[in-house]
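# Report on the structure
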Amino acid sequence: MSAYFEFLLRMGDNTLILGHRVSEWCGHTPVIEEDIALANTALDLIGQTQMWLGLAAEVEGKGRTADDLAMLRDAWDFRNVLMVEKPNGDFGQTLMRQFLFDAFHLEMLKGLTTSSEPRVAEIAAKAVKEVLYHVERSGDTVIGLGDGTAESHERMQDALNLMWPYVGEMFASDDVDTEMLSTGIAPDLNQLRIAFDAHVGAVMADATLTIPDSTFAHKGGKSGFQHTEHLGHILTQMQWLQRAYPGASW
Amino acid sequence: MKNEWPLWEVFIRGQHGMSHRHVGSLHAADEESAIKNARDVYTRRNEGVSIWVVAARHIAASSPSEKGPLYEPSESKVYRHPTFFDIPDEVGAM
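Only a predicted model underlies this, so the values are computations on that prediction, with no experimental measurement involved.

### What about the interface of chain A and chain B?
At the junction of the two partners, chain A supplies eleven residues and chain B supplies ten residues. Taken over both partners, the interface formed by chain A and chain B buries close to 1000 Å², and the fraction arising from carbon and sulfur atoms is 50%. The three residues of chain A that bury the most area against chain B are A:Glu33, A:Asn40 and A:Tyr133, which together make up 52% of that side's buried surface. Inspection of the region where chain A meets chain B yields three salt bridges. The shortest N-O distance in the salt bridge between A:Glu136 and B:Lys36 comes to 3.3 Å. Connecting chain A to chain B are ten residue pairs in polar contact (both at pLDDT 80 or more). Looking at the side of chain A that touches chain B, the elements with two or more residues in it are α2 (32-60) and α5 (118-146) of chain A. Per-element tally for the side of chain A that touches chain B: the top contributor is α2(A), with six residues. When its residues are assigned to classes, the side of chain A that touches chain B shows five nonpolar, one polar and five charged.

As structure tokens, this is what we get:
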């Protein structure tokens, strides 16, 4: 597996799995306005997935399509970070996960707009506009609920404590990231982390939430070494139709 | 209901229109989230280039039961329409 292909899988699998997770709220959110907003976010992410996995399939050059990559791989072939697999939990947990991912995603996409690969830069330029809105909405909601009632504050602090150990993986550089940096395809994760910390720090301060004093980071998602038990459950639901009726289309 | 967010009226200016038109209403906690909700609920299909939201409680409305006194008197005053003037040819198309 080439590093470039693997990097594209990471981008596409992050948006695919998170898009699916967020879509699970459709019809279940506390208010209809949030329901539509979350569904819009999920659709944006799935749209980005089509572009990333479409390019990944071309780069791989084995005749596979974006659909093949999304619907016919098993858990160990996925390269998404562990955070996006985490169950939705309550609404606060979903929005906290969304904000932490959005804040990473925004910096990553901004960096990718100047990628040495024109196709990557073009996809990033389209996606970054969507993600600018995602992070504004999720950030405002984190602030609203964090600096809200005693109960909403407590739920948001619990969500932050739960999600924080999954932040480190997004910025942990490995051989793939090193090659992407040296070839100018992707930005320096250490630089992204600085911008991420400033952004997230400011939002959490407004939200009156305390970032846990720990750098412990679960890992194994972006390398595919060890996903959480949740990924398999997502795939059984997401891939069911193509597995039961191979080649089905409309 | 006590826990319900306030109601907002939403006005959208379309690609080709000069004025904002009322498109519907929604609930939101404050004006910023009302604009975001309006973006998500009412501009999904590229409907607009500008959004106004107004808290519904700030809209003063005429009462339907006063329709008679409010509007009927103008029904019999056709002379208020500017259709009784001869327009000189030099004016051209109006």
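### Description of empty space enclosed by the protein
Residues and elements named next belong to chain A. Under the defined criterion, the tally for this structure stands at three cavities of 30 Å³ or more. Estimated volume of the largest cavity: approximately 100 Å³. Residue assignment for the lining of the largest cavity shows that the elements contributing at least two residues are α1 (3-23) and α4 (91-112). Residue contributions to the lining of the largest cavity peak at four residues, all from α1. Grouping the amino acids of the lining of the largest cavity by side-chain chemistry returns seven nonpolar, two polar and four charged. Around the second largest cavity sit Glu34, Ala37, Leu38, Thr41, Leu95, Gln98, His134, Arg137, Ser138 and Thr141, which together line it. Elements represented by at least two residues in the lining of the second largest cavity include exactly α2, α4 and α5. By residue class, the composition of the lining of the second largest cavity is three nonpolar, five polar and two charged.

### Some remarks on the environment of B:Val53
All names here are of chain B. Mapped onto the elements, Val53 comes out in strand β3 (residues 50-55). Residue Val53 is classed as buried on the basis of its relative accessible area of 19%. Here the alpha-carbon distance between Val53 and Arg80, two residues 27 residues apart in the chain, equals 35 Å. Sequence-distant contacts of Val53, defined by excluding residues within four places in its chain, comprise Trp8, Glu9, Val10, Glu31, Ala34, Ile35 and Ala38.

Cut-off values and rules
- Residues numbered from 1 in each chain as written.
- Chains lettered and ligands numbered in written order.
- Predicted model: local features only at pLDDT ≥ 70, side-chain atom pairs only at ≥ 80, totals over all residues.
- Heavy atoms only, no water.
- Contact = heavy atoms within 4.5 Å.
- Buried area = accessible area lost by both parts, 1.4 Å probe.
- Salt bridge = Lys/Arg side-chain N within 4 Å of Asp/Glu carboxyl O.
- Polar contact = N/O pair within 3.5 Å; in protein donor to acceptor, adjacent residues only side chain to side chain.
- Helix = DSSP H or I, 4+ residues; strand = E, 2+ residues; numbered from the N terminus.
- Nonpolar A, V, L, I, M, F, W, Y, C, P; charged D, E, K, R; others polar.
- 1 Å grid on protein atoms, 1.4 Å probe; cavity = no way out; pocket = protein on both sides within 12 Å on 5 of 7 lines; lining within 4 Å.
- Points joined across faces, edges and corners; volume = space filled by probe spheres on them.
- Buried < 20%, exposed > 50% of the residue type's maximum accessible area, 1.4 Å probe, protein only.

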